[in-house]
Amino acid sequence: MHKDLKKVMFDEGQIAGLADSIAERINADYEGESLTAVVVLKGSLVFAADLIRRINADVRVDFMQASSYGVGTESSGVIKIKKDLESDISGENVLIIEDIVDSGRTLSLLKKELADRGAKSVKIAALLSKPARRVVDVEIEYIGAEIPDEFVVGYGLDFAERYRNLPYIGILKPEVYR
Ligand code: PRP
């Protein structure tokens, strides 16, 4: 375990189990369909690489980097798109892949944005969710695990751009981020 962590929350085997369970549900829902996986950079890159390899449908992959503006409790905020998709998603089944849902602002705005572009369907697969932090109500169709409000890093998740490369997910020691 990395010295900056106080505990491992999900080891590699447990993460694989979460990815298996999400993929099983996706494979049941998209049978005979194709889909465009929208990987939300940067945190989702590791999970997306594992998830798409478990999906049986015909998958196209595209990338987006986005964040939400403002601190309101409504989903009517503004989405800031730092990197946009290359492909036209009109008529496509879109599966947004996220590492973690916190306030729900980014996902709520992103879901609306992609629906407004004419996608046939827009669903979200998130490895982790912190329900205690939710400010905006957004439907997450596929969730790997709900976790308490702890500062988690690894498997794509960062603190100040570090720890993304850890193969497991752990809880950061408070003295590291305070
Ligand atoms: C994280 C995560 C989501 C967003 C969730 O990304 O990957 O995109 O925050 O937060 P929300 O539910 O409060 O909107 P972050 O902005 O940290 O960027 P990163 O993926 O590049 O680390």
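- Going by an unreviewed UniProt entry, the chain carries the name Hypoxanthine phosphoribosyltransferase and comes from Candidatus Ornithomonoglobus merdipullorum.
- On record in UniProt, under Function (unreviewed entry), the comment for the chain is "Purine salvage pathway enzyme that catalyzes the transfer of the ribosyl-5-phosphate group from 5-phospho-alpha-D-ribose 1-diphosphate (PRPP) to the N9 position of the 6-oxopurines hypoxanthine and guanine to form the corresponding ribonucleotides IMP (inosine 5'-monophosphate) and GMP (guanosine 5'-monophosphate), with the release of PPi."
- The UniProt entry for the chain carries the following comment under Sequence similarities (unreviewed entry): "Belongs to the purine/pyrimidine phosphoribosyltransferase family."

## Some remarks on helix H3 (residues 105-116)
In an α-helix, one turn spans 3.6 residues, which is why side chains three or four residues apart end up on the same side.
Phase 1 of the analysis: Relative to the 16 Å expected for twelve residues at 1.5 Å per residue, H3 spans 17 Å between its end C-alpha atoms, a close match to the ideal helical length.
Phase 2 of the analysis: Along H3, the residues that are buried comprise Arg105, Leu107, Ser108, Leu109, Leu110, Lys111 and Leu114.
Phase 3 of the analysis: Of the residues one or two after H3, Gly118 is the one with positive phi, at around 95°.

## Focus: unusual backbone geometry
Phase 1 of the analysis: The omega angle of the peptide bond from Leu41 to Lys42 is 0°, so this bond is cis rather than trans.
Phase 2 of the analysis: Its place among the elements puts Lys42 in the loop between strand S2 (34-40) and helix H2 (45-52).
Phase 3 of the analysis: Of note, the phi angle at Ala160 is positive, near 50°, even though the residue is not glycine.
Phase 4 of the analysis: Judged by relative accessible area, which is 59%, Ala160 ranks as exposed.

## Some words on the side chain of Asp4
Phase 1 of the analysis: Along the chain, the position of Asp4 falls in the segment before strand S1 (5-10).
Phase 2 of the analysis: In this structure Asp4 comes out as buried when scored by relative accessible area, which is 9%.
Phase 3 of the analysis: Non-local contacts of Asp4, meaning those with residues more than four positions away in its chain, are made with Arg162, Tyr163, Ile171, Leu172, Lys173 and Val176.

## Some remarks on the sheet that holds strand S9 (residues 169-172)
Phase 1 of the analysis: One open sheet holds the three strands; their spatial order is S1-S9-S8, and the pairing between them is antiparallel. In this open sheet, the two strands that pair with only one neighbour each are S1 and strand S8 (152-153).
Phase 2 of the analysis: Two strands pair when backbone bridges link them, and S8 and S9 are joined in this way by two bridges, in the antiparallel orientation. Across the sheet, Val153 pairs through a bridge with Gly170, a residue of S9.
Phase 3 of the analysis: The strands touched by helix H1 (residues 12-29) are S1 and S9; relative to S1, the strand with the most contacts, the crossing angle is about 35°.

## What about the site of the ligand?
Phase 1 of the analysis: Neighbouring the ligand are 14 residues, the closest being Glu98, Asp99, Ser103, Gly104 and Thr106.
Phase 2 of the analysis: Asp99 places a polar side-chain atom, nitrogen or oxygen, 2.6 Å from an oxygen atom of the ligand.
Phase 3 of the analysis: Between the ligand and Ser103 there is a distance of 2.5 Å, counted from an oxygen atom to a side-chain nitrogen or oxygen.
Phase 4 of the analysis: For the ligand, whose unbound accessible area comes to 500 Å², protein coverage reaches 76%.
Phase 5 of the analysis: Contributing elements (two or more residues each) for the shell around the ligand: strand S5 (93-101) and H3.

Reading the values: rules and limits
Residues numbered from 1 in each chain as written. Predicted model: local features only at pLDDT ≥ 70, side-chain atom pairs only at ≥ 80, totals over all residues. Heavy atoms only, no water. UniProt positions renumbered as here; feature names shortened; annotations may be inferred. Helix = DSSP H or I, 4+ residues; strand = E, 2+ residues; numbered from the N terminus. Expected span 1.5 Å × (residues − 1). Buried < 20%, exposed > 50% of the residue type's maximum accessible area, 1.4 Å probe, protein only. Contact = heavy atoms within 4.5 Å. Pairing = 2+ DSSP bridges. Axes fitted to C-alpha atoms, helices over the stretch in contact; angles between N-to-C directions. Near = heavy atom within 4 Å. Polar contact = N/O pair within 3.5 Å; in protein donor to acceptor, adjacent residues only side chain to side chain. Areas by Shrake-Rupley, 256 points an atom, 1.4 Å probe, with all protein chains shown as cover.

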